[in-house]
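# A closer look at the structure
Residue-level listing of the chains:
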Amino acid sequence: MGLCLFLLSFLFHSLYAHNDFFTSIGQMTDLLYTEKDLVTSLKEYIRQEENRLEQVKEWADKLDSLTSTATQDPEGFLGHPVNAFKLVKRLNSEWGDLENLVLKDTTNGFISNLTMQRQFFPTEEDQTGAAKALLRLQDTYQLSANTISNGDLPGVVHKSRMTVADCFELGKIAYSEADYYHTELWMAQALTQLDEGEESTIEKVTVMDYLNYAIYQQGELERALELTKRMLKLDPNHQRANGNLKYFEFQLEKQRKAEAEKKEQEDKKREKKVLDKRDAQRKRSKDPLPERKKYEMLCRGEGVKLTPRRQSRLFCRYFDNNRNPWLLLAPVKQEDEWDRPRIVRYHDIISDSEIKTVKELAKPRLRRATISNPITGVLETAPYRISKSAWLYEYEHSTIEKINQRIEDVTGLEMDTAEELQVANYGVGGQYEPHFDFGRKDEPDAFKELGTGNRIATWLFYMSDVSAGGATVFPDVGAAVWPKKGTAVFWYNLFASGEGDYSTRHAACPVLVGNKWVSNKWIHERGQEFRRPFTGLIFFTFPWLVDAPGKSQIFMICHL
């Protein structure tokens, strides 16, 4: 029976072996069951060890009493021949048995299980990815290190506190990335918890050493000097602190002389530098996202609001798409989310049972989501897209076929040329930074291999509620659409003229608390010629009306 369970466990993990755990909460749940199995194995090992130690303890207690009595009168004790015999017997054989008991290896079952499971453990990349996700959430949602460390996040069910070691590890990962802004925040938090009396194997002077360097790198010499003096009180022989003390004092003296005539102005500049630490760090790290601040504001719900006049033009309605036969008796509930670009939401458009089926089909094949390199066109992973995705084909399951047909009925667009249904599950702090769904003019071959033209429209299902964060935002216009299970949003990426609508640049905000599942359908131009007519100018020529060679051809201009 044990062998069968072992083999089943091995086969299960083989089927779900994957990397980049941090990019998908759905697949991270497997790790909980892996850890539960290891805990069960560990408890069995502990039980066996406790039984073994109990036998050793009984033996020790018995001999302790015996030797205490015997050593009070050794010769008298051994004068009894039975005692002499038993002493020889104990030392010749019973102590040998005890030695075997002490040396008995009860770890085999646990070690073999641990060895088998280890190949499915998260990697260093996963730990670093999860740490960076926490830093990303801290910035996007303007959370203090203390708030995160205490687990005081909105919508949390299972509150969890961070230890000094946890904070220290976050700070070290930031330090390794030359991110001194976050290094300071998390080393300071670790130091605060140590000062408050939390026990840890991490020494204060070690934390202060990292903190000191981060503060210095951000140009705050006075604070760095004060922290150095504090370090030397804890460890007067600290080599680096002694060297820094002289260096900081020298640099400060130079700075004070240079500032003597402009003290007031320089004080204001120094105050501004402290306030703009995050911006300074972004410049150092060469943040490629120009609309970062606006994007993060929208994620926090602080975006542009529609004027009352524009708001008054948004409605909710029952929608049958021009009396589509499939929607006449059961029209869908349509809500206007934004006017320009027009973004609409459909309520109760996918059922819980359909969502369950889609997730079950997708989960075994989830793989790290990729982006198309704008220069090479090669698919590659990117730090600004933290999720895993899978593609589902309608021939695989009737549910997928029904979903595709429903999208066609509601939008009136042809699905035969659309891309397959893509399912995505976001990981720790999962996000997809601002991007376009359609190919721009500088990407003429974006979808050439598909042969179906550009992406004319996007349909996005929300397959889970998200406790906090995870909105779909449009930074150029200030729109924010929040996840709601069972709904879908739809927008056109191209104008009716075929030109790209650059206001549809959008992003998936980091998931702060919860598990975000979505699925989307990218709809292409081919097949939509009579479903969403082109409105440009088309030139028709009629060569058969030409009387003779050399004469001008007769042509007609049609405006569709």
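Given the structure is predicted, the values throughout are model-derived calculations rather than measurements. (Residues numbered from 1 in each chain as written. Predicted model: local features only at pLDDT ≥ 70, side-chain atom pairs only at ≥ 80, totals over all residues. Heavy atoms only, no water.)

## Things to note about the overall build of the protein
Looking only at helices and strands, one finds 18 helices and 19 strands in the protein. A sequence separation of at least 24 residues applies to 70% of the contacts in the protein between residues at least 6 apart. Working note: accessible area of the protein is about 32,200 Å², and carbon and sulfur atoms make up 55% of it. (Helix = DSSP H or I, 4+ residues; strand = E, 2+ residues; numbered from the N terminus. Contact = heavy atoms within 4.5 Å. Areas by Shrake-Rupley, 256 points an atom, 1.4 Å probe, with all protein chains shown as cover.)

## Digging into unusual backbone geometry
Of the consecutive residues Arg340 and Pro341, the connecting peptide bond is found in the cis state with omega at 0°. Within the secondary structure layout, Pro341 lies in the loop between strand S2 (332-338) and strand S3 (343-347). The phi angle at Gln142 is positive, at roughly 50°, despite the residue not being glycine. Take Gln142: it is sitting in the loop between helix H6 (124-140) and helix H7 (145-150). With a relative accessible area of 57%, Gln142 lands in the exposed category. (Buried < 20%, exposed > 50% of the residue type's maximum accessible area, 1.4 Å probe, protein only.)

## Some points on the packing of helix H8 (residues 164-176) against helix H10 (residues 204-217)
It is the contact of H8 with H10, at a shortest axis distance of 11 Å, that shows an interaxial angle of 35°. The element H8 and its partner H10 pack so that their crossing is left-handed. Two secondary-structure elements touch here, H8 through Phe168, Lys172 and Tyr175 and H10 through Thr206, Val207, Tyr210 and Tyr213. Its residues placed into classes, the contact of H8 with H10 shows 5 nonpolar, 1 polar and 1 charged. (Axes fitted to C-alpha atoms, helices over the stretch in contact; angles between N-to-C directions. Left-handed = near helix turned anticlockwise from the far one by under 90°. Nonpolar A, V, L, I, M, F, W, Y, C, P; charged D, E, K, R; others polar.)

## A closer look at H10
Taking 1.5 Å as the rise per residue, H10 with 14 residues should run 20 Å; its terminal C-alpha atoms sit 20 Å apart, in good agreement. Val205, Val207, Met208, Asp209, Leu211, Asn212, Ala214 and Ile215 are the residues of H10 that are buried. Looking at the buried residues of H10, the elements they touch are H8, helix H9 (180-195), helix H11 (221-234) and helix H12 (239-259). (Expected span 1.5 Å × (residues − 1).)

## Section: the UniProt feature "repeat: TPR" (unreviewed entry) in the protein
Feature annotation in UniProt assigns "repeat: TPR" (unreviewed entry) to the following positions: residues 205-238. In the segment residues 205-238, helix accounts for 79% and strand for 0%; the C-alpha atoms at its two ends are 9 Å apart. (UniProt positions renumbered as here; feature names shortened; annotations may be inferred.)

## Some details on the sheet that holds strand S12 (residues 472-474)
Read across the open sheet, the 4 strands follow the order S9-S15-S12-S13; overall the sheet is antiparallel. Each edge of the open sheet carries a strand with a single partner, namely strand S9 (432-435) and strand S13 (479-481). Strand-to-strand twist in this sheet, taken as the mean axis angle between neighbours without regard to direction, amounts to 15°. In the sheet, S12 pairs with strand S15 (residues 506-508) via 2 bridges, with the strands oriented antiparallel. (Pairing = 2+ DSSP bridges.)

## A look at the environment of Asn146
With respect to the secondary-structure elements, Asn146 resides in helix H7. Separated by 15 residues in the primary sequence, Asn146 and Arg161 have C-alpha atoms spaced 9.9 Å apart.

## Details of the nonpolar core
Grouped together as the largest cluster of nonpolar side chains are 46 residues, with contacts concentrated most on Tyr141, Trp186, Val207, Tyr295, Val473, Cys509 and Leu512. Both domains that furnish three or more residues to this core are identified here as domain 2 (143-264) and domain 3 (294-524). In this view, Leu512 contacts Leu137, Tyr141, Leu143, Pro154, Ala468 and Gly469; residues no more than four positions away in its chain are not counted. Counting 34 residues, the second largest nonpolar core, distinct from the first, contains Leu327, Val344, Leu392 and Ala488. (Core = buried A, V, L, I, M, F, W, Y, C linked by side-chain atoms within 4.5 Å. Domains from an automatic or database assignment.)

## Here's the deal with the packing of H6 against H8
Contact geometry of H6 with H8 gives a least axis separation of 10 Å together with a crossing angle of 95°. Overall, the two elements H6 and H8 adopt an arrangement that is roughly perpendicular. Contacts between H6 and H8 involve Gln127, Thr128, Ala131, Leu134 and Leu135 from the former and Glu169, Leu170, Ile173 and Ala174 from the latter. Here the residues of the contact of H6 with H8 are counted per class, giving 6 nonpolar, 2 polar and 1 charged. (Parallel < 35°, antiparallel > 145°, perpendicular 65-115°, else oblique.)

## Thoughts on the confidence of the model for the protein
Counting all residues, the mean pLDDT for the protein is 85, and 85% of those residues have values of 70 or more. Within the model, pLDDT remains below 50 along residues 1-17, and this stretch shows 13 contacts once partners closer than five positions in the same chain are excluded. (pLDDT = per-residue confidence, 0-100.)

## Points about the side chain of Lys516
By secondary structure assignment, the location of Lys516 is in the loop between strand S16 (511-513) and strand S17 (517-524). At 2.9 Å, the side chain of Lys516 and the backbone oxygen of Gly470 are in polar contact. Apart from the residues within four sequence positions on either side, Lys516 is in contact with Ala424, Asn425, Tyr426, Ser464, Val466, Gly470, Ala471, Thr472, Ala508 and Val511. (Polar contact = N/O pair within 3.5 Å; in protein donor to acceptor, adjacent residues only side chain to side chain.)

## Things to note about the sheet that holds strand S8 (residues 421-426)
Hydrogen bonds along the backbone pair up the strands of a sheet, which may run parallel or antiparallel. Taken in spatial order, the 9 strands line up as S1-S2-S3-S14-S10-S17-S8-S7-S4 in an open sheet, and their pairing is antiparallel. With one partner strand each, in any of the chains shown, strand S1 (316-319) and strand S4 (367-368) form the two edges of the open sheet. Judged from the 7 bridges that link them, strand S10 (residues 455-462) and S17 form a sheet pairing that is antiparallel. Opposite Tyr462, over in S17, you have Val518 as the bridge partner. Where helix H17 (residues 352-362) meets the sheet, it contacts strand S7 (387-392), S8, S10 and S17, and its direction lies at approximately 100° from that of S7. Against the sheet, helix H18 (residues 398-411) contacts S1, S2, S3, S7, S8, S10, strand S14 (488-492) and S17, and its axis sits at roughly 120° relative to S10.

## Regarding the pattern of salt bridges
For the structure shown, the criterion picks out 31 salt bridges. Asp336 is the salt-bridge partner of Arg317, the closest N and O atoms lying 2.7 Å from each other. Placement of the pair is Arg317 in strand S1 and Asp336 in strand S2, with a sequence separation of 19 residues. Taking relative accessible area as the criterion, Arg317 reaches 28% and is therefore assigned partly exposed. Linking Lys485 and Asp352 is a salt bridge whose minimum nitrogen-to-oxygen distance equals 3.8 Å. Of this pair, Lys485 sits in the loop between S13 and S14 while Asp352 sits in helix H17, placing them 133 residues apart in sequence. Residue Asp352 is classed as exposed on the basis of its relative accessible area, which comes to 54%. Overlapping salt bridges, with partners in common, bring together Glu184, Glu220, Arg223 and Lys277 in one network. (Salt bridge = Lys/Arg side-chain N within 4 Å of Asp/Glu carboxyl O.)

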